[in-house]
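Listed here are the chains, written in short residue letters.
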Amino acid sequence: MAGAGGPAARFDGLRPWWVIVAWAGVRALFMTLSTLWPRGFERGPLELVWQWAYMAPQSHLRTNDKVMDNSIKR
């Protein structure tokens, strides 16, 4: 069964150090991205999704109100 297994099978001989190195790599990636994110955005990713979910129904209502106002004025 050639090629079976993922990273755990491939790095079995390096146990337990590969887990610590992988954790440190993910941690370093998160730290880097968390310092770069505020340079381009006012809010975090979860806050952006939250605001979008909150504002989406309201923007839909505003769009419908404009359409209704235009149809009444004519």
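Residues numbered from 1 in each chain as written. Predicted model: local features only at pLDDT ≥ 70, side-chain atom pairs only at ≥ 80, totals over all residues. Heavy atoms only, no water.

So, the overall build of the protein chain
Keep this limit in mind: By the criteria applied, helices consist of DSSP H or I runs no shorter than four residues and strands consist of E runs no shorter than two, each listed in order from the N terminus. Burial classes follow relative accessibility: with a 1.4 Å probe on protein chains only, a residue under 20% of its type's maximum area counts as buried, one over 50% as exposed, and anything between as partly exposed. Residue-level accessible areas treat just the shown protein chains as cover; the underlying method is Shrake-Rupley with a 1.4 Å probe.
When helices and strands are counted, the protein chain shows three helices and zero strands. Starting at the N terminus and walking to the C terminus, you meet the elements of the protein chain as α-α-α. The burial tally for the protein chain puts 1% of its 74 residues in the buried class. Of the roughly 7,100 Å² of accessible surface on the protein chain, a fraction of 67% belongs to carbon and sulfur atoms.

Structural notes on the packing of aromatic side chains
Here is the rule: Here is the rule: rings of Phe, Tyr and Trp (six-membered ring for Trp) pair when centre to centre is within 6.5 Å. Planes less than 30 degrees apart are stacked, more than 60 are edge-to-face, and the remainder are tilted.
Under the defined criterion, the tally for this structure stands at one aromatic pair. On the basis of an interplanar angle of 25° and a centroid distance of 4.2 Å, the ring pair of W37 and F41 is categorised as stacked.

Here we look at the pattern of salt bridges
Using the following cut-off: Here, a salt bridge means any side-chain nitrogen of Lys or Arg that lies within 4 Å of a carboxyl oxygen of Asp or Glu.
According to the stated counting rule, one finds one salt bridge in the structure shown. A salt bridge links D12 to R15, with the nearest nitrogen and oxygen atoms 2.8 Å apart.

Considerations on a nonpolar patch on the surface
Threshold: What makes a patch is a set of residues exposed beyond 30% relative accessible area and free of salt bridges, joined within 9 Å when like-charged and within 5 Å when nonpolar (Val, Leu, Ile, Met, Phe, Trp, Tyr).
On the surface, V26, L29, F30, L33 and L36 cluster together to form a nonpolar patch covering roughly 480 Å² of accessible area. Overall, the relative accessible area of 47% leaves L33 in the partly exposed class.

Regarding the confidence of the model for the protein chain
This is how it is decided: pLDDT: the predictor's confidence for each residue, scored from 0 to 100.
Summarising the model, the protein chain shows a mean pLDDT of 80, and 74% of its residues fall at 70 or more. When mean pLDDT is taken per element in the protein chain, helix α2 (residues 17-40) scores highest with 92 and helix α3 (residues 45-73) scores lowest with 74.

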